[in-house]
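# Remarks on the overall topology
Listed here are the chains, written in short residue letters.
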Amino acid sequence: MSTPAYLEVSRVERTFGSGPTAVHALRGVSLTAGTGEVVAVRGRSGSGKTSLLNIIGGLDRPDAGTVRVDGVEVTALSDDDVLALRRTTVAYVFQSFGLVPILNAHENVEIPLRLRGVDPAEREARVTEALDHVGLAKHAKQRPGQLSGGQQQRVALARALAARPGLLLADEPTGQLDSETGREIMELIVRLAKEGQMTTVVTTHDPVLLSLADRVLEIADGAIGEPAESATAGGAH
Ligand SMILES: Nc1ncnc2c1ncn2[C@@H]1O[C@H](COP(=O)(O)OP(=O)(O)OP(=O)(O)O)[C@@H](O)[C@H]1O
């Protein structure tokens with residue numbers, strides 16, 4: 001029997017509202033991603049990308065279908081168990097960075113470790129390592145407002161990494177960055193995914209970023225398919 005993929009999404013459906021105004025955001029979406037694989041999901045605005053990531057990460061529940069992460073059926077867990085899974089296994093990176101403005105870079109990266117009750121010495125070591133990994137060791141004491149957009153996204157990535165997640169979900173992580181910085185961030189995401197064997201699902205519109213992913217999936221009107229040209233998109237890094 002073959003080993004199941006790290007992430008398995010099967011026939012997920014999500015409808016918002018009801019009656020004639022109902023929006024079928026996801027219509028039977030299935031996908032898999034292996035350990036350390038970087039899968040890019042591209043699609044127009046409103047095609048269902050964020051809805052899909054929210055369901056994979058346990059922030060929302062589907063009306064039908066299942067999500068398995070590392071063999072655990074997320075969609076069958078209680079709310080408390082989903083919360084625990086989100087703290088231990090899944091990390092998010094958003095377009096808007098999601099940093100706490102009054103905390104410096106070091107303190108922002110430390111948040112998930114505090115939530116998990118990691119002891120102070122281990123926390124210090126992990127935060128230092130994560131900031132070092134994203135090239136921000138010298139900026140640990142700076143607050144988000146004192147950092148560039150690219151540096152803020154690096155802090156958000158360090159925060160994700162420090163929790164040592166098996167699954168990284170990145171929703172348009174370069175959407176607020178210029179193209180050069182966006183490319184650097186995407187390259188960093190791919191490098192971190194490979195080094196840490198972190199399965200990654202990233203949504204983006206940017207063709208350059210898509211070319212860095214191992215695989216590209218196209219989502220349109222809540223349904224997913226693999227675009228023909230993506231056959232050559234993998235392995236470009
Ligand atoms: N909470 C909600 N209530 C009602 N409709 C929703 C909700 N969330 C999403 N939708 C609808 O579901 C569809 C898919 O939205 P979603 O945010 O997943 O798209 P997207 O591809 O991420 O778009 P964008 O690229 O603009 O972020 C849209 O038509 C959206 O209006």
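Residues numbered from 1 in each chain as written. Predicted model: local features only at pLDDT ≥ 70, side-chain atom pairs only at ≥ 80, totals over all residues.

### Focus: the confidence of the model for the protein chain
If pLDDT is low for a region, its predicted coordinates should not be looked at in detail. So the rule is basically this: Confidence of the predictor in every single residue is expressed as pLDDT, which spans 0 to 100. Helix and strand assignments follow DSSP, with helices taken as H or I runs no shorter than four residues and strands as E runs no shorter than two, numbered in order from the N terminus.
In this model, the protein chain carries a mean pLDDT of 90, and residues with pLDDT of at least 70 account for 94%. By mean pLDDT, the top-scoring element of the protein chain is strand E1 (residues 7-16) (97), and the lowest-scoring one is helix H7 (residues 207-210) (83). The ipTM value of the predicted complex is 0.96, and its pTM value is 0.90.

### What to know about the sheet that holds strand E6 (residues 90-94)
Stated formally: The criterion for strand pairing is that DSSP finds at least two bridges linking the strands in question. Fitting a line to C-alpha atoms yields each axis, with helices limited to the stretch in contact; the angle taken between N-to-C directions then spans 0 to 180 degrees. Two residues qualify as being in contact provided that their C-beta atoms, derived from the backbone, are within 7 Å of each other.
Spatially, six strands are ordered E6-E7-E8-E3-E9-E10 in an open sheet, and the strand pairing comes out mixed. Single-partner strands in this sheet number two, and they are E6 and strand E10 (223-225). Geometrically, the sheet is characterised by an average inter-axis angle of 20° between neighbouring strands, direction not taken into account. Together, strand E3 (38-42), strand E7 (167-171) and strand E8 (199-203) form the strand contacts of helix H6 (residues 179-196), whose direction differs from that of E8 by roughly 160°.

### Things to note about the nonpolar core
How we decide: Defined on buried residues, the nonpolar core groups Ala, Val, Leu, Ile, Met, Phe, Trp, Tyr and Cys residues joined through C-beta atoms within 7 Å. Exposed residues have 12 or fewer other C-beta atoms within 10 Å of their own C-beta, buried residues have 20 or more, and partly exposed residues fall in between, where C-beta atoms are placed from the backbone.
With 63 residues, the main nonpolar core has Val39, Ile56, Leu157, Ala158, Leu168 and Leu169 as its most contacted residues. The element that contributes the greatest number of residues to this core is helix H5 (residues 149-162), accounting for seven residues. Among all residues touching Leu169, those that are not within four sequence positions of it are Leu53, Ile56, Gly57, Val90, Tyr92 and Val201.

### Thoughts on the packing of helix H3 (residues 105-115) against H5
The condition is simple: If an angle is under 35 degrees, it is roughly parallel; if it is over 145, roughly antiparallel; if it lies from 65 to 115, roughly perpendicular; otherwise it is oblique. It is the rotation of the near helix from the far one that decides the hand of a crossing: anticlockwise by less than a right angle makes it left-handed, clockwise makes it right-handed. Note that Gly is not counted as nonpolar here; it falls among the polar residues with everything else outside the nonpolar set of Ala, Val, Leu, Ile, Met, Phe, Trp, Tyr, Cys and Pro and the charged set of Asp, Glu, Lys and Arg.
The contact between H3 and H5 brings their axes to 8 Å, and the two run at 30°. Between H3 and H5, the angle is such that the two are roughly parallel. Classified by chirality, the crossing of H5 by H3 is right-handed. Of the residues in H5, those touching H3 at Ala105, Asn108, Val109, Ile111, Pro112 and Leu113 are Val155, Ala158, Arg159 and Ala162. Tallied by class, residues from the contact of H3 with H5 come to eight nonpolar, one polar and one charged.

### Focus on the pairing of E1
Examined bridge by bridge, E1 and strand E2 (residues 23-33) share eight bridges and lie antiparallel to one another. Counted as the bridge partner of Glu8 is Thr32 from E2. Where E1 lies against strand E4 (residues 64-69), five bridges are found, and the strand directions are antiparallel. Residue pairing in the sheet places Leu7 in a bridge with Val69 of E4.

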